[in-house]
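# Results of the structural survey
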Amino acid sequence: MPQKDTAAPALVLKIEELLPSLSKSEQSVGAYIVQHPDEVINLSVAALAENAKVSEPTVVRACRRLGFTGYQDLKVTLAQSIVTPMQSVHEQVTAQDDMQTLASKVFGSATHTLEFTYDTLCAADLEAAAKLLMSARRILIFGVGASGAIVSDAQHKLLRLGLNANAYTDPHLQAMTASYATADDVILAISHSGSSRIVVDNVQLAKNNGARIISLTNIGRSPLSKLADICLYTASRETKYRILAVSSRIAELTIIDCIYTYIAIRSQNGRDLKVEKAMEWLKY
């Protein structure tokens, strides 16, 4: 798909990420919306169908597949999201960039990834995830590769709250732990792509044993999110030279911090004391 000259607002980014989950004709509708968001808000359903070379029912069906009640709902939401034009932030770095230019692109991408993630965040799902973790007998946190740092941070924060949390980045340890999971356990699975075969397979094993699943992935449907009871999403576009971009990890860490803070301020007195004791011990 051609790159746009300016960065899309969060809604357009969300539609772009969901394109692979649509049928071929529905993808034509979604692609046209992504490439012409300002134009679409002034088009009738018939005009959009003609421009995208599909039928009018296909346009309506695509809107519903994208999470809207219909075409009018899409247009209203799209209009609201592009009222304030945004500067391009997901720029590709190039070999010609000096350090000042490169730093501007990296910092800009990280800043706006947080804004995009916040704009697409579902607070109800975030709260449900926090409550599920609070009620779990054990919290098993799965992730591999670059997600390992996020997995460790999640364990660190949950342990400080006195929760029984264990992080696993080794595939074999994940498999062994998943094989002993029960309905009283919760799996927090972290994967930017949501397609890591190791994590998906081990989450499936735990799910087969009755464990409940929370996924943390980039926005859009993925094999991992399909297995989850609760799906949490970041909104980050990682480019050719920045597959391990810090922006996606900052968004993941911030979502985990939201969960940590929610649990911390609602913990029982005993658990609050555990936090205080941990903080006191760490002073030495």
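Residues numbered from 1 in each chain as written. Predicted model: local features only at pLDDT ≥ 70, side-chain atom pairs only at ≥ 80, totals over all residues. Heavy atoms only, no water.

Here we come to the overall build of the protein. Looking only at helices and strands, the protein features 14 helices and 5 strands. Burial statistics for the protein: of 284 residues in total, 45% are counted as buried. When the accessible area of the protein is evaluated, it comes to approximately 14500 Å², of which 55% is carbon and sulfur surface. (Helix = DSSP H or I, 4+ residues; strand = E, 2+ residues; numbered from the N terminus. Buried < 20%, exposed > 50% of the residue type's maximum accessible area, 1.4 Å probe, protein only. Areas by Shrake-Rupley, 256 points an atom, 1.4 Å probe, with all protein chains shown as cover.)

Another aspect to go through is the sheet that holds strand β3 (residues 185-190). Within the open sheet, the 5 strands sit side by side as β2-β1-β3-β4-β5. Their pairing is parallel. Each edge of the open sheet is held by one strand with a lone partner, namely β2 (165-168) and β5 (230-234). With strand direction ignored, the average angle separating the axes of adjacent strands in the sheet is 15°. Two elements, strand β1 (residues 138-142) and β3, share 5 bridges in a ladder whose sense is parallel. In the sheet register, R138 faces β3, and the bridge partner there is D185. (Pairing = 2+ DSSP bridges. Axes fitted to C-alpha atoms, helices over the stretch in contact; angles between N-to-C directions.)

Their axes nearest at 8 Å, the elements helix α7 (residues 99-120) and helix α13 (residues 246-265) cross at an angle of 35°. At the point where α7 passes α13, the crossing takes the right-handed sense. Contact residues: α7 offers V106, S109, A110, T113, L114 and T117, while α13 offers V246, S247, I250, A251, T254 and I255. Looking at the contact of α7 with α13, its residues break down into 7 nonpolar, 5 polar and no charged. (Left-handed = near helix turned anticlockwise from the far one by under 90°. Contact = heavy atoms within 4.5 Å. Nonpolar A, V, L, I, M, F, W, Y, C, P; charged D, E, K, R; others polar.)

One finds I141, I214 and L232 to be the most contacted residues of the largest nonpolar core, which totals 28 residues. When contributions to this core are tallied by element, the ones reaching two or more residues are α8 (123-135), β1, α9 (148-160), β3, β4 (212-218), β5 and α13. Look past the residues within four positions of I141 in its chain and what remains in contact with it is V151, A154, Q155, L158, A165, N166, A167, Y168, L188 and I190. Counting 24 residues, the second-largest nonpolar core is a separate cluster that includes V12, V29, I33 and A49. (Core = buried A, V, L, I, M, F, W, Y, C linked by side-chain atoms within 4.5 Å.)

Positive phi outside glycine occurs at K53, with the angle close to 60°. Within the element layout of this structure, K53 appears in the loop between α4 (45-52) and α5 (56-65).

Right, let's talk about the packing of aromatic side chains for a bit. The tally for this structure, following the rule as stated, stands at 1 aromatic pair. Over the ring of Y262 we find R266, and its NZ or CZ is 3.8 Å from the ring centre. (Phe/Tyr/Trp six-rings, centres within 6.5 Å; stacked < 30°, edge-to-face > 60°. Lys NZ or Arg CZ within 6 Å of the ring centre and 35° of its normal.)

The next subject is the confidence of the model for the protein. Of the residues in the protein, 83% reach a pLDDT of 70 or more, and the chain-wide mean stands at 83. Predicted confidence for residues 83-90 stays below pLDDT 50, and this span has 21 contacts to residues more than four positions away or in other chains. (pLDDT = per-residue confidence, 0-100.)

A few words now on the pairing of β1. For β1, the tally of buried residues reaches 5 of 5 residues, placing the bulk of the element in the interior. Across the two faces of β1 the burial is the same, with R138, L140 and F142 and I139 and I141 all buried. Summarising the sheet, β1 and β2 pair through 4 bridges and their orientation is parallel. Each bridged residue has a counterpart across the sheet, and for I141 the counterpart in β2 is A167. For the handedness criterion, the β-α-β arrangement of β1, α9 and β2 is classed as right-handed. (Right-handed = clockwise from strand over helix to strand, strands pointing away.)

This next bit is on helix α11 (residues 197-208). The end-to-end C-alpha distance of α11, which contains 12 residues, comes to 16 Å, matching closely the 16 Å that a straight helix rising 1.5 Å per residue would cover. Among all positions in α11, only V199, V200, N202, V203 and A206 are buried. Elements in contact with the buried residues of α11: β1, α10 (171-179), β3, β4 and α12 (223-227). Looking one or two places after α11, you find G210, whose phi comes out positive at around 100°. (Expected span 1.5 Å × (residues − 1).)

With that settled, the discussion passes to the packing of helix α1 (residues 10-18) against helix α2 (residues 24-35). Working note: a packed helix pair is described by the angle between its axes plus the distance between those axes. Closest axis-to-axis distance for the α1/α2 pair is 9 Å, and the angle between their directions is 150°. By the angle between their directions, the pair α1 and α2 is classed as roughly antiparallel. Here α1 and α2 pass one another in a crossing that is left-handed. For the pair α1 and α2, contact is made by V12, I15 and E16 and by G30, I33 and V34, respectively. Its residues placed into classes, the contact of α1 with α2 shows 4 nonpolar, 1 polar and 1 charged. (Parallel < 35°, antiparallel > 145°, perpendicular 65-115°, else oblique.)

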